[in-house]
Amino acid sequence: MSTTRVYVPRETASVSVGADEVALAVATQAKQSGARIELIRNGSWGASWLEPLVEVEIGEQRIAYGNVAASDVPGLFAAGLLEGGDHERRLGPVNEIDWLVKQDRWTLFRCGLVDPASVDSFRERGGFAGLEAAFAAGRARVIEAVTDSGLRGRGGAGFPAGIKWQTVANADADRKYIACNADEGDSGTFSDRLLMEGDPMCLVEGMAIAGFATGASKGYIYLRSEYPLTHRILARAIEAVRDAGWLGEDIQGSGFSFDIDVHLGAGSYVCGEETAMLESLEGKRGIVRAKPPLPAVAGLFGKPTVVNNVITLASVPNIVRLGADRYAAMGVDRSTGTLPFQLAGNIRRGGVVEKAFGLSLRELIEDWGGGTASGRPVKAVQVGGPLGAYLSENQLDTALDYESFTAIGAMLGHGGIVVFDDTANMAQQARFAMEFCAIESCGKCTPCRIGSTRGVEVIDRMIAGDDREGNYDLLVELCDTMEHASLCAMGGMTPYPVRSILEHFADDFASTGGSR
Ligand SMILES: Cc1cc2nc3c(=O)[nH]c(=O)nc-3n(C[C@H](O)[C@H](O)[C@H](O)COP(=O)(O)O)c2cc1C
Ligand code: SF4
C-alpha cells in the first residue's frame, strides 16, 4: 500500500481556527481506516480566510480543501480525501487557486510549500542556493547585488539595505553582529510570523548571507514573546540547520563561521525600535538610544551591527540566487521588489498577499480582500501599524509604494492594512492612538511621555464637547510638538493617525459627545 502525503498547517492563524484538531482527526481517521499517510505540518500559504487549508498530494499535484473542521474529516475520508475526492470543501489543485497564483511570491514562495522542520525539504526548493552563490561571488559582489536590487528595509523606515550592509562591512571591528528584528509589534501585521513559521530556514539563510557579506559571525533574532509557536518552530529549524552543517563553524567548508541565537522580548512595542531592541538584547530595559552613533557603526555591545527586519533578510537569498535585476524589475521607481501586504481588521478575505509595489490600496482591499467582512462600506483604512495614518475612502486609489504614501502624509511601514467599516468611531481611534503612545512610550523624552497623556485628555475634552474649537487647536499644536521634538518615531509619528482623523473624520468628534 502506498503512503499518501497530507499537509495540515501548523501556523498560528490556522491553529487558532482548529488546525491541530484537524491534524489529529486526520491521523485518527487514517489509522481507523487502515490508510497509510505521512502527515506533514507545513506553514500557511497566507490565505488565512481559507484556514485550516488541508492538502493531499496526488502525483505531482496537491489538492486543497479549505476551511476544514475536525468534524468534516470523517466525511472527507468517506468522499475519498486521499484520492483527491470531491467534497464541498474541495478547492482543487493548490497551484490553481487564483488568490495565490496571482501573487508575486518572491520572499514567501516556500511558505506553505515546504516542511519547515526539514532541511531536505528546504534544499529541494532552492534552500541555501543563495548562500552557496554568495560564497562563490564573494563579499563585495553580495553587497553590490543587495544595493543594485534596491531592497529597502521592510520594518518600517524603508532604509536601503545595501547602504546599511556596506557601512557594517566597512567598519573595522573585532566583532560584528546581525540583529534580526522579529518584534512585529504593528497592529494588523503578521508577515514576519508567517515567514518564520512557514519557511524559517529562509531567514536563517538570509542572516548567514548578511553575516558573510559584512564580516559578522553572530546573529540574534529578537522575537516577540507573543509568538510562542513561532519560537518553537524557529528553534527547531535552527537546530536542524546547525546539525546539517549550514550554521556553526566553517559552514560547508567555506571557512565562514556563523551562528544564531533567538532572544524573546517581553511584550513592549517600543522594543521594536532598533536601538531599544539592542538595549533589550543586551539585557537592559528597552529604552531608545539617541542617534548617532548609528547601530551600523556602534550597535549591539557597541559593535557594528546590521539591524534588519525579517522580511528584509528573507528577501536576500533569492536576490543573490536569481539576480538583483530580477528583483529590481518589480515594483515602481524607488520602491523595487515586492511587499507581503497583510490584510486585517474588517475584511472578508484576510491574509498575506505578496505583490510587487504599485497596485492600489483599493485593488488590494476589494479584489484581494473582497471588501469588508460585515458587507458594509469601508470607512477608513489604517496602513502601517499604530503610527500609520487612517486613509479615507477617497484615498483608496493611492498606489502602494513608499513615495506615493509619503506624498499623502502616510506611510506603508511594514505593510499592515487594517480595514474599518462605517460603524467605526474615528474619534475613539484618535484617542486610542494617543493612549497607545502613552502606554508604550519608553519615557526617555518629554514630548512623547507627557505629550501623549495630555493628548488623551485633550481628545477626551473634544469628545465631551468641551470647547471643541480651542481643544482642536491645542491638539494640532501638540501634534506639531510631538512630531518635531520627539527622539524617535514612537512620539514622532503618533500625530500621523491623529491628524489624519482630524482631517478626514472630524465629524466623528461631534457625533460622539456633547455640542461644540
Ligand atoms: C516604535 C517603533 C517600533 C518599531 N517596531 C518594529 C518592529 O516590530 N519590527 C521591525 O522590523 N521594525 C520595527 N521598527 C523599525 C526599526 O526601528 C528599524 O527601522 C528596523 O528594524 C530596521 O530594519 P529594516 O531596515 O530591515 O526595516 C520600529 C520602529 C519604531 C520607532
Ligand atoms: S519618542 Fe517616546 S519612545 Fe521614542 S525616545 Fe521619546 S519617549 Fe521614548
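Above this text you will find the structure in question.
The sections below set out a description of the structure shown in this document. (Residues numbered from 1 in each chain as written. Chains lettered and ligands numbered in written order. Predicted model: local features only at pLDDT ≥ 70, side-chain atom pairs only at ≥ 80, totals over all residues. Heavy atoms only, no water.)

Regarding the side chain of Glu273
So the rule is basically this: Only DSSP runs of H or I with at least four residues qualify as helices, and only runs of E with at least two residues qualify as strands; both kinds are numbered from the N terminus onward. Counted as a polar contact is a pair of N or O atoms within 3.5 Å, where, for protein atoms, one must be capable of donating a hydrogen and the other of accepting one, and residues adjacent in sequence contribute only when both atoms are in side chains. The criterion used for residue contact is that any of the two residues' heavy atoms lie within 4.5 Å.
Assignment of secondary structure puts Glu273 in the loop between strand E8 (259-264) and helix H12 (274-281). At 3.0 Å, the side chain of Glu273 and the backbone nitrogen of Ala276 are in polar contact. Leave out the neighbours within four places in its chain, and Glu273 touches Val288, Lys291 and Cys488.

Re the packing of helix H10 (residues 200-214) against helix H13 (residues 310-322)
The line we're drawing: Working convention: axes come from line fits to C-alpha atoms, limited for helices to the stretch in contact. Angles between N-to-C directions cover 0 to 180 degrees. Our angle categories are set so that under 35 degrees counts as roughly parallel, over 145 as roughly antiparallel, 65 to 115 as roughly perpendicular, and the remainder as oblique. Under the grouping applied here, Gly and all other residues not named as nonpolar or charged are polar, the nonpolar ones being Ala, Val, Leu, Ile, Met, Phe, Trp, Tyr, Cys and Pro and the charged ones Asp, Glu, Lys and Arg.
Here H10 crosses H13 at 80°, and the two axes come no closer than 7 Å. Here H13 runs roughly perpendicular to H10, going by the angle between their axes. Residues Cys202, Leu203, Glu205, Gly206, Met207, Ile209 and Ala210 of H10 lie in contact with H13, whose contacting residues are Val310, Leu313, Ala314, Val316, Pro317 and Val320. Residue composition of the contact of H10 with H13, grouped by class: eleven nonpolar, one polar and one charged.

Structural notes on unusual backbone geometry
To keep it simple, the criterion reads: Here's how the labels work: a residue is buried when its accessible area is under 20% of the maximum for its type, exposed when over 50%, partly exposed in between, all with a 1.4 Å probe on protein chains only.
Note that the residue after Glu51, namely Pro52, is joined by a cis bond; omega there is -10°. In this fold, Pro52 is placed in the loop between strand E2 (37-40) and strand E3 (54-58). With omega at 5°, the peptide bond leading from Pro292 into Pro293 counts as cis. The residue Pro293 is located in the loop between H12 and strand E9 (305-309) in this model. Residue Phe128 is not a glycine yet carries a positive backbone phi of 70°. Tracing the backbone through its elements, the reader meets Phe128 in the loop between helix H5 (119-124) and helix H6 (129-137). Its relative accessible area of 1% is what places Phe128 among the buried residues.

Looking at the pattern of salt bridges
Under the convention used in this document: Salt bridge, as used here, is a side-chain nitrogen of Lys or Arg placed within 4 Å of a carboxyl oxygen of Asp or Glu.
This structure, assessed with the given rule, holds 33 salt bridges. Here Lys291 makes a salt bridge to Glu274, at a shortest N to O gap of 2.8 Å. Of the two residues, Lys291 sits in the loop between H12 and E9 while Glu274 sits in helix H12, which places them 17 residues apart along the sequence. In this structure Lys291 comes out as partly exposed when scored by relative accessible area, which is 39%. Between Lys379 and Asp508 there is a salt bridge, with the nearest N and O atoms lying 2.7 Å from each other. With Lys379 in strand E14 (residues 378-383) and Asp508 in helix H22 (residues 507-512), this pair connects stretches of sequence that are 129 residues apart. For Lys379, a relative accessible area of 17% translates into the label buried. By relative accessible area, Asp508 is classed as buried at 10%. Several salt bridges share partner residues, and in doing so they unite Glu279, Glu282, Lys284 and Arg289 into one network.

Here's the deal with the environment of Val458
Within the secondary structure, Val458 sits in helix H18 (residues 446-464). Beyond its immediate chain neighbours, meaning those up to four positions away, Val458 contacts Asn471, Leu474 and Leu475.

A short note on the sheet that holds strand E4 (residues 61-65)
Short version of the rule: By definition, two strands form a pair when at least two bridges between them are found by DSSP.
Strand order in this open sheet of five strands is E2-E1-E3-E4-E5, and the pairing throughout is mixed. The open sheet terminates on both sides in strands that have one partner only, identified here as E2 and strand E5 (90-93). Neighbour to neighbour, the strand axes of the sheet diverge by 25° on average, direction disregarded. Relative to E5, E4 is paired through three bridges, and the arrangement is antiparallel. Across the sheet, residue Ile63 finds its bridge partner in E5, namely Pro93. Of the strands in this sheet, strand E1 (4-7), E2 and E3 are in contact with helix H2 (residues 19-32), which crosses E2 at around 170°.

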